[in-house]
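Geometric and topological summary
One letter stands for each residue in the lines below.
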Amino acid sequence: MELFWHRRDLRAADNVGLATAAGAGDDDRGPAAPVFVFDPDVLGHASDVRVRRLIDGLAALRDDYRERGSDLLVARGDPKEVLPRLAAAVGADRVVWNRDYSGLARERDAGVRQALNEAGIDREAHHDAVLHTPDSIRTNAGDPYSVYTYYWRKWTDRETDPPAPTPEATHLADAATLRAAVGSDDGGDADARADGGVESERVAVGDLPSPADLGFGEPDASIGPAGTAAARDRLDAFLAEPVFDYEAERDYPAREATSRLSAFLKYGEIGIREAYEATERALDAATERAESGSESTDDADDEGPVAAVEEFQQQLAWREFYTQVLYHNPAVVTENYKTYEEGIAWRDDPDEIAAWKRGETGYPIVDAGMRQLREEAFMHNRVRMIVASFLTKDLLVDWRHGYDHFRERLADHDTANDNGGWQWAASTGTDAQPYFRIFNPMTQGERYDPDAEYIKAHVPELRGVDADLIHEWHELSPTQRANAAPEYPAPVVDHSARREEALAMYKRARGEDPEE
Ligand SMILES: Cc1cc2nc3c(=O)[nH]c(=O)nc-3n(C[C@H](O)[C@H](O)[C@H](O)COP(=O)(O)OP(=O)(O)OC[C@H]3O[C@@H](n4cnc5c(N)ncnc54)[C@H](O)[C@@H]3O)c2cc1C
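Keep in mind the model is a prediction, meaning the values are calculated, not measured.

Reading guide: rules and limits
- Residues numbered from 1 in each chain as written.
- Predicted model: local features only at pLDDT ≥ 70, side-chain atom pairs only at ≥ 80, totals over all residues.
- Heavy atoms only, no water.
- UniProt positions renumbered as here; feature names shortened; annotations may be inferred.
- Helix = DSSP H or I, 4+ residues; strand = E, 2+ residues; numbered from the N terminus.
- Contact = heavy atoms within 4.5 Å.
- Pairing = 2+ DSSP bridges.
- Axes fitted to C-alpha atoms, helices over the stretch in contact; angles between N-to-C directions.
- Domains from an automatic or database assignment.
- Buried area = accessible area lost by both parts, 1.4 Å probe.
- Salt bridge = Lys/Arg side-chain N within 4 Å of Asp/Glu carboxyl O.
- Near = heavy atom within 4 Å.
- Polar contact = N/O pair within 3.5 Å; in protein donor to acceptor, adjacent residues only side chain to side chain.
- Areas by Shrake-Rupley, 256 points an atom, 1.4 Å probe, with all protein chains shown as cover.
- Nonpolar A, V, L, I, M, F, W, Y, C, P; charged D, E, K, R; others polar.

1. Some words on the UniProt feature "domain: Photolyase/cryptochrome alpha/beta" (unreviewed entry) in the protein chain
In the numbering adopted here, UniProt assigns the feature "domain: Photolyase/cryptochrome alpha/beta" (unreviewed entry) to residues 1-131. Segment residues 1-131 splits into 44% helix and 20% strand. End C-alpha atoms: 28 Å apart.

Here it is in structure tokens:
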């Protein structure tokens with residue numbers, strides 16, 4: 001028997017560690033007993049949204065196991081203490097997991113390795129979360145990449161592994177064995193008192209705690225479906241058609257032209273090899289379309305669908321790029337990636353931060369994004385960039401405030417991607433745009449939401465207002481605003497003035513004279 005410890009890989013399919021523990025291709029291994037541990041340290045960094053999303057993902061995983069005659073062990077406590085005892089209780093001689101590349105996770109895993117060593121239990125960690133491991137793509141000089149474009153070229157040229165096989169039912173510990181091992185013969189919640197001595201830790205077979213049991217509330221946001229089946233449905237639907245227009249459409253938030261796979265990828269409900277293989281099939285289909293399109297139109301350059309699928313693959317590569325940035329620079333969670341000689345003198349006005357969080361800045365596209373976040377625990381990528389630029393370069397607020405807010409509210413919060421996105425927007429990260437480039441929230445709104453459909457969907461006060469007026473909101477007189485939408489606020493700041501202040505702030509941070 002082997003214990004497989006699920007963390008950010010809530011799936012049975014295309015799971016490298018699980019497939020290995022269950023004995024794929026090796027008759028001397030398996031069966032695997034799957035476990036998830038609610039770790040108080042990890043919960044200390046969680047939020048209502050993410051706890052709900054996690055529990056939903058675990059419920060789907062548990063149901064997948066039940067369909068295979070197995071079940072999910074659910075424990076609570078410090079993994080260093082829980083895992084050795086649980087391994088003994090189920091008679092496992094090895095504990096297997098997939099690597100998590102963040103600094104905190106690596107510290108935790110080092111502790112677990114030591115505890116298992118001391119208990120004389122074997123352990124094994126696999127690469128699973130990314131197609132290409134953080135160490136495998138380096139510059140010719142052997143350094144990690146800090147510029148995405150070069151990283152992508154190497155990333156896309158590399159061979160990829162096929163999806164890992166889904167374990168057969170016979171390679172998983174059966175539910176009755178699990179119940180007997182942890183002293184629960186009714187399949188329900190149980191304080192395990194098994195011989196292995198999991199006494200003080202609560203271990204259940206398949207029974208999941210509620211958010212309240214873990215000290216969290218139900219989120220206000222409506223969170224989408226969870227689990228592998230839902231992830232596959234979403235991926236299939238996206239690759240069947242929308243992906244071929246992805247490049248042209250992805251920046252328009254009202255068009256819902258992106259995959260919305262981020263939370264599934266964050267919780268590992270779909271394997272990256274499986275997802276990538278599906279994009280390769282879409283690439284073949286796109287090539288066929290391009291060829292037949294150019295035959296019928298005499299347009300030999302009709303590569304739109306191919307470029308669109310590649311553009312989508314590039315986003316999957318961004319995810320891996322930021323994973324390797326975090327892996328090689330764990331301090332970026334709290335520190336700027338890029339050094340500013342003098343430090344940045346952020347402004348951090350509490351009232352302006354509060355207006356941004358509430359979606360009441362008087363900049364319609366910013367407010368729509370912040371309200372989408374509150375309602376759906378999600379925000380469109382283009383709008384994430386706009387609201388992040390607005391916070392850091394219009395309100396002159398430290399990106400860490402924005403990161404913390406996103407961390408609390410996003411269902412797809414991923415330390416590497418969230419941090420990468422914020423530091424990119426704040427010009428403190430990798431690939432930082434030159435510090436003098438600042439998003440203009442009005443022109444962004446006009447360009448990417450010309451009919452204000454997205455804005456009106458999230459800002460009810462503006463529903464009856466003409467799109468032209470919405471995009472000119474900052475230029476309207478108080479009377480015009482009062483006539484058009486009396487409930488909607490005036491701009492909290494003047495973008496042009498703040499743009500100048502931002503330029504000066506960054507110049508000072510670089511040790512330059514703002515007057516020059
Ligand atoms: C300030 C800021 C914060 C962000 N925080 C997060 C976060 O916490 N979690 C998160 O997954 N993404 C984050 N992103 C990246 C991006 O906005 C989301 O991944 C994307 O909007 C999710 O929607 P989708 O699944 O429809 O994306 P699609 O466009 O369909 O892309 C497919 C997948 O590629 C990955 N991806 C796409 N864009 C990026 C990117 N710029 N960086 C890294 N990976 C990317 C995601 O896994 C995504 O699901 C952030 C971006 C910014 C600017």
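2. Focus on the side chain of serine 259
Note on placement: serine 259 falls in the loop between helix H9 (246-249) and helix H10 (262-266). Residue contacts for serine 259: discarding those within four places in its chain leaves Arg234, Phe238 and Phe312.

3. What about the sheet that holds strand E1 (residues 2-6)?
Spatially, E5-E4-E1-E2-E3-E6 is the arrangement adopted by the six strands of the open sheet, whose pairing is mixed. The sheet is open, and its two edges are formed by strand E5 (122-126) and strand E6 (202-205), each paired on a single side. Each neighbouring strand pair of the sheet contributes to a mean axis angle of 25°, computed without reference to strand direction. Together, E1, strand E2 (32-38), strand E3 (73-76), strand E4 (94-98) and E6 form the strand contacts of helix H4 (residues 79-90), whose direction differs from that of E1 by roughly 145°. Relative to the sheet, helix H5 (residues 103-118) contacts E1, E4 and E5, its axis offset from that of E4 by approximately 170°.

4. Comments concerning the domain arrangement of the protein chain
Along its sequence, the protein chain is organised into domain 1 (1-129), domain 2 (228-328) and domain 3 (350-510). One C-alpha centre belongs to domain 1, the other to domain 3, and the line joining them spans 39 Å. Contacts between the two partners involve six residues from domain 1 and, on the opposite side, eight residues from domain 3. The largest per-residue losses of area from domain 1 upon contact with domain 3 belong to Arg8, Val49 and Arg50, which jointly make up 65% of the total buried on that side. Between aspartate 414 and arginine 8 there is a salt bridge, with the nearest N and O atoms lying 2.8 Å from each other.

5. Points about the site of the ligand
In the vicinity of the ligand there are 28 residues, among which Tyr246, Thr258, Ser259, Arg260 and Asn381 approach most closely. Here an oxygen atom of the ligand and a backbone polar atom of serine 262 are 3.1 Å apart. Within the side chain of asparagine 417, a nitrogen or oxygen atom sits 3.1 Å from an oxygen atom of the ligand. Bound to the protein, the ligand loses 96% of the 820 Å² it would expose on its own. Elements with a contribution of two residues or more to the shell around the ligand: H10, helix H12 (304-328), helix H15 (381-394) and helix H17 (415-425). A per-element tally of the shell around the ligand places H12 first, with six residues. Residues of the shell around the ligand, tallied by class, amount to 14 nonpolar, eight polar and six charged.

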